[in-house]
Each structure stands twice: as structure tokens, then as C-alpha cells.
Amino acid sequence: MTPAPDETLDSIGTSGVKVLQRRSGYRFTLDAVLLAAFAATEGRDAGGPLLELGAGSGVVSFLLACQFGLEPVDALELQPEVHARLVRAVALNVCEGRVRPLLGDLREARSLFPSGAYAHVVSNPPFRPAHAGVRSPDAERALSKQELACDAPSVVAAARHALPPGGRVSLVYPAARVAEVLGLLTAAKLYPVALRFVHARVEAPATRFLVHAVRDRQRGLAVRPPLIAHGEGPGGYSPEVAALMEPPRGPLSGPPTP
């Protein structure tokens with residue numbers, strides 16, 4: 001499948017997952033790769049099916065299915081043009097029936113799928129509040145980066161609806177929002193059980209956090225060792241992150257933005 005003139009065909013992960021992205025639109029970042037690995041590790045015994053809220057180009061969903069063997073994954077995306085590229089990428093990755101694109105608004109979760117339909121929900125949602133920073137003039141970038149069409153309470157509410165008692169949710173957010181997000185999860189009785197901070201380098205402050213929570217089950221919170229993104233590994237990544245990646249081959253473009 002040949003990408004359109006305004007698209008790129010990108011490859012990521014040891015399984016060679018392929019995604020289609022607009023050259024001038026939102027581009028996936030390392031956060032998606034780290035979330036997929038974290039969700040697969042912390043939720044390895046959750047079973048399936050899985051749901052990704054705000055799937056975008058489908059990186060997390062495809063990595064869960066192809067690299068970590070967790071499937072089926074329903075990939076919910078709001079924007080029709082982004083969803084259309086996601087549908088095409090399913091064929092590129094030979095993931096028919098394993099990754100199932102859904103077009104819809106996570107704020108309408110109650111009308112999109114039955115309560116308790118998924119064993120594990122994952123999301124790499126918009127990071128910035130609607131009022132924070134300068135809004136991108138590109139609608140796709142703006143919706144993907146800022147909480148214009150959904151906010152953290154909406155993500156948590158959709159996850160709560162999608163999960164049965166004992167179901168899991170894995171999220172990634174900026175480190176500065178850790179108190180807010182953990183509070184929202186706990187208020188929804190999605191109790192955090194694993195927390196991991198992400199640092200660009202050993203000496204740098206945390207920029208992101210990954211959290212794994214369980215519906216209606218209080219098990220205590222384990223704070224995992226920090227995840228260091230950059231170091232002396234291939235591509236300038238730390239050995240842990242480099243092990244999740246694969247150098248591009250042929251016409252496919254390079255690794256995600258750190």
C-alpha cells in the first residue's frame with residue numbers, strides 16, 4: 001500500500017509495526033511505545049479483549065497485538081480522517097480481526113459499547129488542558145495535543161464504563177499531572193496499583209508517568225524503578241527503550257519523536 005503524497009509510512013517496534021501519518025499532522029511519539037510496553041507488562045494476566053481510547057495512528061494497538069501478543073484490540077478514534085488511515089494500516093499489518101478500528105467519541109462510551117466489555121483499557125490521551133499553551137492551527141494536531149474533545153475526567157469515565165470489576169486501565173500523562181490523574185482514578189474506584197515515572201536522562205526530572213489501575217480492587221500501589229529514555233543504547237536510547245525499537249529499513253521512516 002502506497003502512502004498518499006501528504007502521508008508517511010513509518011515503522012516501529014521489534015515486530016515492524018507500520019503506521020500511516022500525515023506529514024503535517026500529529027506524529028506519534030515515544031510515549032506510545034512506552035505505554036504499550038508498560039500495559040503489556042503490568043496487564044499480562046488481564047486477558048482480553050482490549051480497548052484503546054483515542055487510538056490515533058494505532059501505534060499502541062498494533063504494538064499490543066503484534067509485538068506483545070495481546071488481542072483483540074478495539075481502537076477507538078474520534079477523527080474520521082485519522083480513523084481512515086487506521087483502517088488502512090490494519091491491512092498493512094495483516095491485523096484483520098486482531099486490531100478493530102472504531103469511529104466514535106469516547107465521551108459517548110455508554111452508547112458505543114456495553115458496560116464491562118473489555119478486560120484492559122489503554123490510552124495515550126491529549127496531554128494539555130484546553131486553556132494551556134498555544135493551540136495548533138492544524139485541527140488534527142490541536143485535537144491530539146489539547147483537551148478540546150476530551151479531558152482526563154472523560155478518559156477515566158470511559159475506562160470505568162468499559163471495564164468489569166477487576167478490569168485494568170493503563171495510561172500515560174505528563175508528570176506534572178500525577179496528583180490530578182491519580183485522584184480521578186481513585187475517585188472512580190479505578191485503584192492505581194503500579195506507577196512508573198519516565199525521565200529523558202538519569203539526571204533529568206521526570207517528564208511523564210505511566211499508571212496501571214484496577215477497577216474496584218485495592219491492592220496497594222507499587223512505584224516501579226524510573227524509566228530512563230535516553231542513554232548509550234542504539235539510536236541514543238537507553239538499553240531498555242532500545243530493546244523495544246527496531247531500526248528502520250528501506251523506505252520506511254525513522255523512530256518516533258522522543
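Since we're looking at a predicted model, the values are computed, not measured.

## Focus: the overall build of the protein
In step 1: Helix and strand counts for the protein come out as 8 helices and 11 strands.
In step 2: Each of the 258 residues in the protein was classed as buried or not, and the buried ones make up 53%.
In step 3: Counted over contacts in the protein with a minimum sequence separation of 6, partners at least 24 positions apart contribute 70%.
In step 4: Put simply, the protein shows about 11000 Å² of open surface, and 57% of that area lies on carbon and sulfur atoms.

## Regarding helix α3 (residues 80-92)
In step 1: Across its 13 residues, α3 extends 19 Å between first and last C-alpha, which sits within 8% of the 18 Å expected from 1.5 Å per residue.
In step 2: A positive backbone phi angle near 50° is found at Val-94, which sits one or two residues after α3.

## Section: the nonpolar core
Nonpolar side chains in soluble globular proteins generally cluster together in the buried interior.
In step 1: If you look at the biggest cluster of nonpolar residues, it comprises 72 residues, and the most contacted ones within it are Phe-62, Leu-64, Val-169, Leu-185 and Leu-190.
In step 2: Considering each element in turn, this core owes the most residues, 10 residues, to helix α1 (residues 30-42).
In step 3: Excluding residues that lie within four positions of it along the chain, Val-169 makes contacts with His-120, Val-121, Ala-159, Leu-163, Leu-185, Leu-190, Val-211, His-212 and Ala-213.

## Considering the pattern of salt bridges
In step 1: Going through the model one piece at a time under the given rule, you end up with 12 salt bridges.
In step 2: Salt-bridge contacts for Glu-240 lead to Arg-196; the nearest nitrogen and oxygen are separated by 2.8 Å. Residue Glu-240 is located in helix α8 (residues 239-242), and its partner Arg-196 is located in strand β8 (residues 190-199); the two are separated by 44 residues in the primary sequence.
In step 3: Residue classification places Glu-240 among the partly exposed residues on the basis of a relative accessible area of 38%.
In step 4: Note on Arg-196: relative accessible area 14%, which makes it buried.
In step 5: For the salt bridge of Asp-216 with Arg-215, the shortest nitrogen-to-oxygen distance reads 3.0 Å.
In step 6: In this structure Asp-216 comes out as partly exposed when scored by relative accessible area, which is 27%.
In step 7: Of the residues examined, Arg-215 reaches a relative accessible area of 13% and is grouped as buried.

## Details of the packing of aromatic side chains
In step 1: On inspection of all chains with the given rule, the structure shows 3 aromatic pairs.
In step 2: The interplanar angle of 25° and the centroid separation of 6.4 Å between the aromatic rings of Tyr-173 and Phe-209 together place this pair among those described as stacked. Here the residue Tyr-173 occupies a position in strand β7 (residues 168-174), and Phe-209 occupies one in strand β9 (residues 206-215), the gap between them amounting to 36 residues.
In step 3: Residue Tyr-173 is classed as buried on the basis of its relative accessible area, which comes to 1%.
In step 4: Here the aromatic rings of Phe-197 and Phe-209 are separated by 6.4 Å at their centres, their planes lie at 55°, and the arrangement is tilted. Highlighted residues: Phe-197 in strand β8 and Phe-209 in strand β9, separated in sequence by 12 residues.
In step 5: With a relative accessible area of 24%, Phe-197 lands in the partly exposed category.
In step 6: In textbook terms, an aromatic cluster arises when at least three aromatic residues are bridged by ring pairs, as seen for Tyr-173, Phe-197 and Phe-209.

Parameters at a glance
- The residue numbering used here restarts from 1 in each chain and proceeds along that chain's sequence as written.
- Note on the predicted model: pLDDT of at least 70 is required for a residue's local features to be given, and 80 or more for side-chain atom pairs to be given and counted; whole-chain, interface and lining totals, by contrast, use all residues.
- Note that the side-chain values use all heavy atoms of the structure and ignore hydrogens as well as water.
- Secondary structure counts use DSSP, requiring at least four H or I residues in a row for a helix and at least two E residues in a row for a strand, with both numbered from the N terminus.
- Exposure categories follow from relative accessible area, calculated using a 1.4 Å probe and restricted to protein chains: below 20% of the type maximum is buried, above 50% is exposed, and the middle band is partly exposed.
- Any two residues having at least one pair of non-hydrogen atoms within 4.5 Å are treated as being in contact.
- In short, Shrake-Rupley with a 1.4 Å probe defines the accessible areas, and a residue's cover is counted only from the protein chains shown.
- Take the number of residues in a helix, subtract one, and multiply by 1.5 Å to get its expected span.
- To qualify as a nonpolar core, a set must consist of buried Ala, Val, Leu, Ile, Met, Phe, Trp, Tyr and Cys residues joined through side-chain atoms within 4.5 Å.
- Take a side-chain nitrogen of Lys or Arg and a carboxyl oxygen of Asp or Glu: if they are within 4 Å of each other, that pair is a salt bridge.
- Stacked, edge-to-face and tilted are the three classes for Phe, Tyr and Trp ring pairs, Trp counted by its six-membered ring, which pair at centre distances within 6.5 Å; planes under 30 degrees apart are stacked, over 60 edge-to-face, the rest tilted.

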